[in-house]
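So you can see what is in the structure, the chains are spelled out below.
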Amino acid sequence: MQTISIIGYGKMAKAIACGLNGKFRLEIIGRDKEKIEDFIQTNSLLNTTSFHSQKTIDIKDKILILAIKPYALEYFKYENQSRVVFNIMAGVSISRLQNVLSSKSYCRVMPNVASLVGSGLSVIYSDDMEVKRLASDIFDTLGSSIFVDKEEQINSAGAISGCGPAYLGLVAEALIDAGVREGLSLDISTKLVNGLFDGFSKLLQVKTPNEIRLDTTSPGGTTIDGIVELENSATRAAFINAVCAAHKKAKSLS
Ligand SMILES: NC(=O)c1ccc[n+]([C@@H]2O[C@H](COP(=O)([O-])OP(=O)(O)OC[C@H]3O[C@@H](n4cnc5c(N)ncnc54)[C@H](OP(=O)(O)O)[C@@H]3O)[C@@H](O)[C@H]2O)c1
């Protein structure tokens, strides 16, 4: 059984550790001993060791997953050379990473928060076949994964699938509010929106977005009046601009 060392014990580290639990030996690394111990206990992690340090981490021959905040990268000093680094930090490029730590291979990964429920989507970039196979073994345990051919595509993909849950969260909140405004209870409105997202995600596997829209929009019906309101508010442009803004920010972190 291989050992995977995860630096960090936040939300994404939790999703990854829970996905890998029992399938790999784990090592949880960070700066706070109590938080690490609590993380291992709360998530019932098996075959797991821990290492805490305020400064230096020995990464010799490790398979590392970097699950800390981008600004925290330089907080630690990394000694020796790791076997491979899976970097999930938004916007942090391989060249920035190479200036901070030495590894035989570097791999960029952009998971998303649905990993917490085993339905995550991870976008992966590596130019090494063996690393790609290991990346699939690790990140498929969180849901599914997609490979991109160029490192810069990670930032574009991340602006959609990594940030997307927040955008859809905003849409879900707005629809729940709309139901309440129209006189439904919060509970009923929430159940309607949950069911809507669930059914929509399944429909999207067999139909294009345009087909779904046309199937719902009958001539002179109710939906087209709603669509006109959304088009008047430039909803499509707002989403496209949101993805562009997130992409721009990710590039600025490189
Ligand atoms: N959440 C998402 O949807 C998502 C999606 C894709 C990628 N990511 C990436 O995943 C990474 C982790 O995100 P998260 O959502 O899991 O964040 P999080 O829950 O806030 O966890 C952050 C982790 O970073 C550590 N950290 C923060 N500041 C630090 C510092 N100054 N020095 C050392 N360690 C520090 C924290 O440890 P302490 O408690 O000790 O500070 C904690 O282990 C980020 O780089 C993010 O870009 C997140």
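Residues numbered from 1 in each chain as written. Predicted model: local features only at pLDDT ≥ 70, side-chain atom pairs only at ≥ 80, totals over all residues. Heavy atoms only, no water.

Peer 1: How do you make sense of the sheet that holds strand β10 (residues 143-147) when you look at a structure like this?
Peer 2: Whether parallel or antiparallel, the strands of a sheet pair through hydrogen bonds between backbone atoms. Pairing within the open sheet is mixed, and its eight strands lie in the order β3-β2-β1-β5-β7-β8-β9-β10. In this open sheet, the two strands that pair with only one neighbour each are β3 (48-52) and β10. The sheet shows a mean angle of 25° between the axes of neighbouring strands, taken without regard to direction. Two elements, strand β8 (residues 102-110) and strand β9 (residues 120-125), share three bridges in a ladder whose sense is antiparallel. (Pairing = 2+ DSSP bridges. Helix = DSSP H or I, 4+ residues; strand = E, 2+ residues; numbered from the N terminus. Axes fitted to C-alpha atoms, helices over the stretch in contact; angles between N-to-C directions.)

Peer 1: Can you help me understand the site of the ligand in this one?
Peer 2: Neighbouring the ligand are 21 residues, the closest being Tyr9, Met12, Arg31, Lys35 and Ile68. Note that an oxygen atom of the ligand is positioned 2.8 Å from one of the backbone N or O atoms of Met12. In this structure, Arg31 approaches the ligand through a side-chain N or O atom, which is 2.8 Å from an oxygen atom. For the ligand, the protein covers 82% of the area, taking 880 Å² as the surface of the free molecule. Here the ligand occupies the second largest pocket. Its residues assigned to classes, the shell around the ligand comprises 15 nonpolar, two polar and four charged. (Near = heavy atom within 4 Å. Polar contact = N/O pair within 3.5 Å; in protein donor to acceptor, adjacent residues only side chain to side chain. Areas by Shrake-Rupley, 256 points an atom, 1.4 Å probe, with all protein chains shown as cover. 1 Å grid on protein atoms, 1.4 Å probe; cavity = no way out; pocket = protein on both sides within 12 Å on 5 of 7 lines; lining within 4 Å. Sits in = over half its atoms within 2 Å of the grid points. Nonpolar A, V, L, I, M, F, W, Y, C, P; charged D, E, K, R; others polar.)

Peer 1: Hey, could you run me through the nonpolar core in this one?
Peer 2: Proteins that are soluble and globular tend to have nonpolar side chains buried together. If you look at the biggest cluster of nonpolar residues, it comprises 28 residues, and the most contacted ones within it are Ile4, Ile6, Ile65, Phe86, Ile138 and Phe139. When contributions to this core are tallied by element, the ones reaching two or more residues are β1 (3-7), α1 (11-20), β2 (25-30), α2 (33-42), β5 (63-66), β7 (81-87), β8 and α4 (129-139). Setting aside residues no more than four positions away along its own chain, Ile4 makes contact with Leu20, Phe24, Arg25, Leu26, Glu27, Ile63, Ile65 and Ile138. By size, the runner-up hydrophobic cluster in this structure holds 24 residues, among which are Leu66, Ala72, Tyr78 and Leu101. (Core = buried A, V, L, I, M, F, W, Y, C linked by side-chain atoms within 4.5 Å. Buried < 20%, exposed > 50% of the residue type's maximum accessible area, 1.4 Å probe, protein only. Contact = heavy atoms within 4.5 Å.)

Peer 1: Honestly, the layout of surface pockets in this entry has me stumped. Any pointers?
Peer 2: Over the atoms a probe the size of a water molecule is rolled, and this reveals where empty space is left. Approximately 1600 Å³ is the volume found for the largest pocket. Taken together, the elements giving at least two residues each to the lining of the largest pocket come down to α6 (164-181), α7 (186-203), α8 (209-216), α9 (222-232) and α10 (235-253). Across the lining of the largest pocket, the residue classes tally to 15 nonpolar, nine polar and five charged. By volume, the second largest pocket amounts to about 1000 Å³. What lines the second largest pocket is a set of 38 residues, and nearest its centre among them are Met12, Ile68, Lys69, Pro70 and Ala90. Within the residue set of the lining of the second largest pocket, elements represented by two or more residues are α1, α5 (152-162), α6 and α10. Residue composition of the lining of the second largest pocket, by class: 24 nonpolar, nine polar and five charged. (Points joined across faces, edges and corners; volume = space filled by probe spheres on them.)

Geometry only, nothing functional implied.
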